[in-house]
Amino acid sequence: MKRDRRWHGSWRMVALALMMAVCTCFPAFAGQWEELEDGSWKYEEDGSYLTAGSRGVENWYDMDPETGVWDATPAINRDNVCFLVENAVTKAGWYATETSDMVYNVESSSSSKITVSIMLQTQPFLTTSTLARFDVSLRDKTAKELSTKLVLNLYD
């Protein structure tokens, strides 16, 4: 019985093409939380860990700059209060339909509270109106909207 050399060569080419296709596939990275052995968490996005002050898909996360470990309850201070208020506002679903960018700004601070305003930015470096103002309680870890008195928890 004689083998058809054309089929035998074609089979090799198909096997080689299949092997090359499998070997050149790379995993697609999507953002995901990874629990570490010590019970802490890291957020991996696009194959690398987020670092301090990084922003994930929807929220800002406070990450330790040395280890990349997430701090679920970062201190409320002038450096990160705007991010915490933005997270709470986003989670509550407020201003989800705004087409302009929003700017979060610290207006004032004391030993017990920090006042944060949310303004619309219609052009670069130009804010047109204040949407809301919040008094952030350093003791209660809440943000109270001043005109409606609605209260948002910063760590939920």
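Use the structure listed above.
Residues numbered from 1 in each chain as written. Predicted model: local features only at pLDDT ≥ 70, side-chain atom pairs only at ≥ 80, totals over all residues. Heavy atoms only, no water.

Draft legend 1. Highlighting the overall build of the protein chain. Along its length, the protein chain carries two helices and ten strands. Seen in sequence order, the protein chain has helices and strands lined up from the N terminus as α-β-β-β-β-β-α-β-β-β-β-β. Within the protein chain, the fraction of its 156 residues that count as buried is 26%. Surface accessibility of the protein chain: about 11100 Å² in total, with carbon and sulfur atoms responsible for 54%. (Helix = DSSP H or I, 4+ residues; strand = E, 2+ residues; numbered from the N terminus. Buried < 20%, exposed > 50% of the residue type's maximum accessible area, 1.4 Å probe, protein only. Areas by Shrake-Rupley, 256 points an atom, 1.4 Å probe, with all protein chains shown as cover.)

Draft legend 2. Structural view of the pattern of salt bridges. Within the structure shown, the criterion is met by three salt bridges. With a closest N to O distance of 3.3 Å, Asp135 and Lys113 form a salt bridge. Taken together, the positions of Asp135 in strand E8 (residues 126-137) and Lys113 in strand E7 (residues 113-123) put the pair 22 residues apart, joining distant regions of the chain. In this structure Asp135 comes out as buried when scored by relative accessible area, which is 16%. Using a relative accessible area of 36% as the deciding quantity, one classes Lys113 as partly exposed. Between Asp140 and Arg139 there is a salt bridge, with the nearest N and O atoms lying 3.1 Å from each other. By relative accessible area, Asp140 is classed as partly exposed at 42%. A relative accessible area of 69% places Arg139 in the exposed class. (Salt bridge = Lys/Arg side-chain N within 4 Å of Asp/Glu carboxyl O.)

Draft legend 3. Region of interest: the side chain of Glu145. Mapped onto the secondary structure, Glu145 falls in strand E9 (residues 142-145). It is Lys149 that comes nearest to the buried, bridge-free Glu145 among opposite-charge side chains, at 7.7 Å. Setting aside anything within four residues of it in sequence, one finds Glu145 in contact with Trp94, Ala132, Arg133, Phe134 and Leu150. (Lys, Arg positive; Asp, Glu negative; His and termini not counted. Contact = heavy atoms within 4.5 Å.)

Draft legend 4. Representation of the side chain of Ser117. Looking at the element boundaries, Ser117 is found in strand E7. Residue classification places Ser117 among the buried residues on the basis of a relative accessible area of 1%. Among the polar contacts listed, one links the side chain of Ser117 to the side chain of Glu107, at a separation of 3.3 Å. Not counting chain neighbours up to four residues away, the residues in contact with Ser117 comprise Val103, Tyr104, Asn105, Glu107, Thr130, Ala132 and Arg133. (Polar contact = N/O pair within 3.5 Å; in protein donor to acceptor, adjacent residues only side chain to side chain.)

Draft legend 5. Representation of the pairing of E9 in the model. As defined by bridge partners, E8 adjoins E9 across four bridges and the pair is classed as antiparallel. Along E9, the bridge assignment pairs Asp135 with Lys144. Turn length for the E8-E9 hairpin, with the two strands adjacent in sequence and antiparallel, is four residues, and the turn residue Lys141 shows positive phi of about 60°. Summarising the sheet, E9 and strand E10 (residues 151-153) pair through three bridges and their orientation is antiparallel. Paired with Thr142 across the two strands is Asn153, which belongs to E10. Where E9 folds back on E10, the antiparallel hairpin that results is connected by five residues, among which Lys149 adopts a positive phi of roughly 70°. (Pairing = 2+ DSSP bridges.)

Draft legend 6. Focus on the nonpolar core. In terms of nonpolar packing, the biggest core is built from 18 residues, with Val81, Val85, Val116, Phe134, Val136 and Leu154 touching the most fellow members. Secondary structure elements with two or more residues in this core: helix H2 (81-92), strand E6 (101-109), E7 and E8. Here the element with the most residues in this core is H2; it accounts for six residues. Beyond its immediate chain neighbours, meaning those up to four positions away, Leu154 contacts Ile76, Leu84, Val85, Ala88, Val136, Lys141, Thr142 and Ala143. (Core = buried A, V, L, I, M, F, W, Y, C linked by side-chain atoms within 4.5 Å.)

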